[in-house]
Structure formats: C-alpha cells, structure tokens
Amino acid sequence: MTRYDNEAERTFVALPPAQGRGFAQTWWGRAWLKALEDAAMDAAQVKTGRRLARAGAVGAVSVRPGRITAVVHDRDRTAHRADVLLERLSDAQWDRFVDMAIERSGHVAALLDRDMPPHLVEDAAAAGIDLLPGMGDLEPECDCGAWDHCGHTAALCYQVARLLDQDPFVLLLMRGRAEGAVLEALQTQGSAPAEGVAPRPEGVDAAEAYAAGQVLPPLPAPPGLGDGPGVPPSLDTEAAAPPGVEPSGLSFLASRTAAEAHRLLAEALRAGHDRRAVDPEPTVAQDAVRLAAGDPGPDVLDRLSDGSGRTREALAAAVRAWRLGGGAALSVLEEEWAVDGDAAARARAALESAWEEDERPSLRARANRWTVVGAPHQLRLDREGRWWPYRREHGRWVPVGGADQDPATALAAAALATGDET
C-alpha cells in the first residue's frame, strides 16, 4: 500500500466581496454550508459570518489536511485568526476510496474534470467514506475565545464554500490527500494487475456448528452493495402477452423497481441510517413522477401522465422537480400554502438578513412564494424553512436548483439558470 505526503498545503488569495451572489453554486458547496448551519448553536453568529464573508473580510485561506485557517477582520478592522478542523480520512479509507473510484471509470473522469457528482459521494459513503462533512464535523477554533462557531469561523466556512465551488480537490486535501497524491494513486493502482484471491466459502461448517453447541458464531458482515441494480429478465418472447399486459411497460416497471431497491439498500448501508427519519410512502401521483423520472418511452409516459392527472407539460415540470429534490421538491412545485405565525416571522428574518439593505431585491409575496419584481426569478419556501429557486420559462414557473437555508444563495441559483421568459 503506497503512502503519500499528507502534509501538503495550499494557500488561496483573499477573494473579492461576494455582494449580490450566493456563496455556494455547486451542490457540494451547499452541503459544506449545511454542515455549518445545522451544527452552529447561535444562528446570529452564522449570519454575522455570512455578512463578514460577503463584505470581503476574510483574508488568504490556508488549506491543509484536517484544518483550514484564515485571518478574519471585524467591522472595526480587529483581526482574528480563525481555524476550522475536519477529521482526516485514514489510510485504509483512502485506499478504499481509490479502489472504489477505479472500479467506476466515470468517477475518475469526474475528478479529472474537477466535478464531484452525487453518485461519487454516495458510492464513497456506501464504502464507509464520508467525503462531505455532516452535522458537528466542522470543529471551530478562534482566538476571540468563542467555544462554538463565532462570526469569524463562520465567515471562513462561507469563504471556503466558494473555493469548493471552484475545485472539489480542496475538500479532498482537507480530508488528508493533496491533488497530486490522489491522481497518482488513481493512475498507479488503476494500471496495476489485480491479484487473484481465492473465493471464501459461504456459511458455517456443519461440524463446527455442531461442536460449538450453544455458542453461536458471530453474525456475518452486511452484504456489499453491487455496482448497480440488476437487469430484469427479458420479456421479448415468441408468446403473445396476456390481455391487458403491456410488455414494454412491465419491463420498464421492473427496471425502475430494481433501481429503487438498489437506492434503498445503499441508504440502509450508509452510516447513521438508523438515526434518520423514515420518508413517508409516496402517493400514487408522486410515484408516477418517480417513474417518469426514469425516462420511459412515449407510451408509458402517456399512461403515467393520465394516471397522475397531469398534462405532459405538468408532468415534465414535476419530473424536473423530482430530480432536484424528490418528494419535497415536488410538493414545493405543486402546493401553495399560507405562511403565517412563527413560519412567517422566520421567513421575514431570513429575507432581511440575507442581503445588505442596499442590495436586497424587490420581492412580491404571495403565500409561500416570493417573486422578484421585474425579473423572471422566484423563491419558494417549503415547510422545513428551506428556499427553492424558480425561474419563469415559456410562461410557467419551473424549479432550477435544490433547496438552501439562505434565500440569497437560492436566488443566485435562479439568476444563474438559463431559460427564456415568455
């Protein structure tokens, strides 16, 4: 097993102010900020950090394995050294990551393109490697004396989100490997011949089990996740289909069921699965959208459209939402609800703190939807307090990005999306 130099360090010059734009444009950049926003005990400090980062108060950022560092200036120009720590991956975890990436050539190609597609992170998590931080993984240290995230460490995290947008290798360096080491491992181990390994017999020998008496052997390790869902048997036979059975539709349903089973197994094998809430069963109309997201043929798509009570155009918009955020995104697309009470107060506070006074866009509110006056952009609030970006295209509002806790970031995603307003 090759060992690499884990002490590489990169320093990024101070970035200009981020006025009028969100901090994270990529999904992995938003995941980084979610880890900060979910774990910080004081939401006011997070907002202070966002304002400092937006104003350009963060100096050059040093990134090395397990730590990021920068000098952050308060509004009175007082300088503070801020550090955020992130646990390094072990050598064994890095070996598994390299093996996993090599098994799927698309992962190597994505890394070479400085991309981090969701399936790369999901496959890594299934192999016991959490690339992106979760709640509580970002540990703050600041010379201002705060024991939790302060405005200075929060500002550093917001600035790093911009760096991650540009180069996901920044995250890999924080986790313990420099770009050169990662690429060298992918090239070296990818070209090495595989060593033959004798298959291990399955089960327990009967004689050993009998001799052990009441002593039960340990449970076997959970099964590994396959490279992808299985391929359903072909229905292309010479026999005629029974009345009411459409072979193409049945084949499509079988393939989507296999894909969903593979996804559910990947979720079940992921660390912390037992602590996550169980998603509710989808309704028939929601499940029709899930199936339509699998790119069926025109005949099956027509049946799904009719069965779900949607036009083909409405179903296309629903599929677009589903691919961005599943059932939650679909509800935001199709449900309009009144924001009142505490939800309204939190929404107003989020909108007021997201922009400086002279940068705040003019928004026209109706129910849980805020439309930018004079622009084809819209924000929609879900019942969890997250903001979804929408854009008007061909006369209707369509989703153009995933949810974000920060309305400014969500609106920036809407502005960056391409489309024609008619």
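Preceding block: the structure.
Because the structure is a prediction, the values reported are computed rather than measured.

### Here's the deal with the packing of aromatic side chains
Here comes step 1: Scanning all chains against the criterion turns up 3 aromatic pairs.
Here comes step 2: With a centroid separation of 6.3 Å and 85° between ring planes, the pair formed by Trp27 and Trp28 is classed as edge-to-face.
Here comes step 3: Here Trp27 falls in the partly exposed class, since its relative accessible area comes to 28%.
Here comes step 4: Trp28 sits in the buried class, given a relative accessible area of 6%.

### Let's talk about the sheet that holds strand E8 (residues 377–381)
Here comes step 1: With respect to topology, 5 strands assemble into an open sheet ordered E6-E7-E8-E9-E10, the strand pairing being antiparallel. Across the chains shown, the open sheet's two edge strands, defined by having one partner strand only, are strand E6 (363–366) and strand E10 (396–399). Pairwise comparison of adjacent strand axes, ignoring direction, gives a mean angle of 30° for this sheet.
Here comes step 2: Alignment of strand E7 (residues 369–372) against E8, held across 3 bridges, turns out to be antiparallel. What sits directly across from Arg369, in E8, is Arg380.
Here comes step 3: Sheet strands touched by helix H15 (residues 407–416): E7, E8 and strand E9 (387–393). Its angle to E9, the strand with the most contacts, is close to 25°.

### A short note on the packing of helix H1 (residues 27–39) against helix H6 (residues 151–166)
Here comes step 1: At a minimum axis distance of 8 Å, the contact between H1 and H6 shows a crossing angle of 165°. Taken together, the axes of H1 and H6 are roughly antiparallel relative to one another. Seen along the crossing, H1 lies across H6 with a hand that is right-handed. Residues Trp28, Gly29, Trp32, Leu33, Leu36 and Glu37 of H1 lie in contact with H6, whose contacting residues are Ala154, Cys157, Tyr158, Val160, Ala161, Leu164 and Asp165.
Here comes step 2: Here the residues of the contact of H1 with H6 are counted per class, giving 10 nonpolar, 1 polar and 2 charged.

### Observations regarding the pattern of salt bridges
Here comes step 1: All chains considered together, the criterion is met by 17 salt bridges.
Here comes step 2: As a salt-bridge pair, Arg290 and Asp287 come within 2.7 Å of each other at their nearest N and O atoms. Residue Arg290 and its partner Asp287 are located together in helix H11 (residues 284–292), separated by 3 residues, close to a single helical turn.
Here comes step 3: With its nearest N and O atoms 2.7 Å apart, the salt bridge here joins Glu334 to Arg310. Placement of Glu334 in helix H13 (residues 312–334) and of Arg310 in the loop between helix H12 (298–308) and H13 is noted, with a sequence separation of 24 residues between them.
Here comes step 4: Judged by relative accessible area, which is 41%, Glu334 ranks as partly exposed.
Here comes step 5: Residues participating in the shared-partner salt-bridge network are Arg67, Arg81, Asp83 and Glu141.

### Considerations on the pairing of strand E2 (residues 61–64)
Here comes step 1: One ladder, built from 3 bridges, connects strand E1 (residues 10–12) with E2; its direction is antiparallel. Bridging from a neighbouring strand, Phe12 pairs with Val61 of E2.

### Concerning the environment of Gly128
Here comes step 1: With respect to the secondary-structure elements, Gly128 resides in the loop between helix H5 (118–126) and strand E5 (139–142).
Here comes step 2: Overall, the relative accessible area of 38% leaves Gly128 in the partly exposed class.
Here comes step 3: Taking the C-alpha atoms as reference, Gly128 lies 8.5 Å from Arg96; in sequence the two are 32 residues apart.
Here comes step 4: Once residues lying within four places of it in the same chain are set aside, the contact partners of Gly128 are Gln93 and Arg96.

### A word on unusual backbone geometry
Here comes step 1: You will see that Asp295, though not glycine, has its phi angle at about 60°, which is positive.
Here comes step 2: Given a relative accessible area of 61%, Asp295 falls into the exposed group.
Here comes step 3: Positive phi, close to 50°, is recorded for His394, a residue that is not glycine.
Here comes step 4: Tracing the chain through its elements places His394 in the loop between E9 and E10.

### A word on helix H2 (residues 43–54)
Here comes step 1: Its 12 residues give H2 an end-to-end C-alpha distance of 17 Å, which sits within 8% of 16 Å, the value for a rise of 1.5 Å per residue.
Here comes step 2: Listed in full, the buried residues belonging to H2 are Val46, Gly49, Arg50, Leu52, Ala53 and Arg54.
Here comes step 3: The elements touched by buried residues of H2 are H1, strand E3 (67–73), H6, helix H14 (341–354) and H15.
Here comes step 4: You can read the cap of H2 off the contacts: a side-chain oxygen lies 3.0 Å from the backbone nitrogen of Ala44, and it is on Asp42.

### Details of the packing of H11 against H13
Here comes step 1: Where H11 contacts H13, the two axes come as close as 9 Å, and the packing angle between them is 115°. Taken together, H11 and H13 sit at an angle that is classed as roughly perpendicular. With respect to the hand of their crossing, H11 and H13 are arranged in left-handed fashion. For the pair H11 and H13, contact is made by Gln286, Val289, Arg290 and Ala292 and by Leu315, Ala318, Val319, Trp322, Arg323, Leu330 and Ser331, respectively.
Here comes step 2: Considering only residue class, the contact of H11 with H13 consists of 7 nonpolar, 2 polar and 2 charged.

### Describing the side chain of Arg30
Here comes step 1: When you line up the elements, Arg30 lands in helix H1.
Here comes step 2: For the buried Arg30, no salt bridge exists, and the shortest N-O distance to an oppositely charged side chain is 4.4 Å, to Asp404.
Here comes step 3: Ignoring anything within four residues of it in the chain, the contact list for Arg30 reads Ala24, Gln25, Gly402, Ala403, Asp404 and Thr409.

Scoring rules and cut-offs
Residues numbered from 1 in each chain as written. Predicted model: local features only at pLDDT ≥ 70, side-chain atom pairs only at ≥ 80, totals over all residues. Heavy atoms only, no water. Phe/Tyr/Trp six-rings, centres within 6.5 Å; stacked < 30°, edge-to-face > 60°. Buried < 20%, exposed > 50% of the residue type's maximum accessible area, 1.4 Å probe, protein only. Pairing = 2+ DSSP bridges. Helix = DSSP H or I, 4+ residues; strand = E, 2+ residues; numbered from the N terminus. Axes fitted to C-alpha atoms, helices over the stretch in contact; angles between N-to-C directions. Contact = heavy atoms within 4.5 Å. Parallel < 35°, antiparallel > 145°, perpendicular 65-115°, else oblique. Left-handed = near helix turned anticlockwise from the far one by under 90°. Nonpolar A, V, L, I, M, F, W, Y, C, P; charged D, E, K, R; others polar. Salt bridge = Lys/Arg side-chain N within 4 Å of Asp/Glu carboxyl O. Expected span 1.5 Å × (residues − 1). Polar contact = N/O pair within 3.5 Å; in protein donor to acceptor, adjacent residues only side chain to side chain. Lys, Arg positive; Asp, Glu negative; His and termini not counted.

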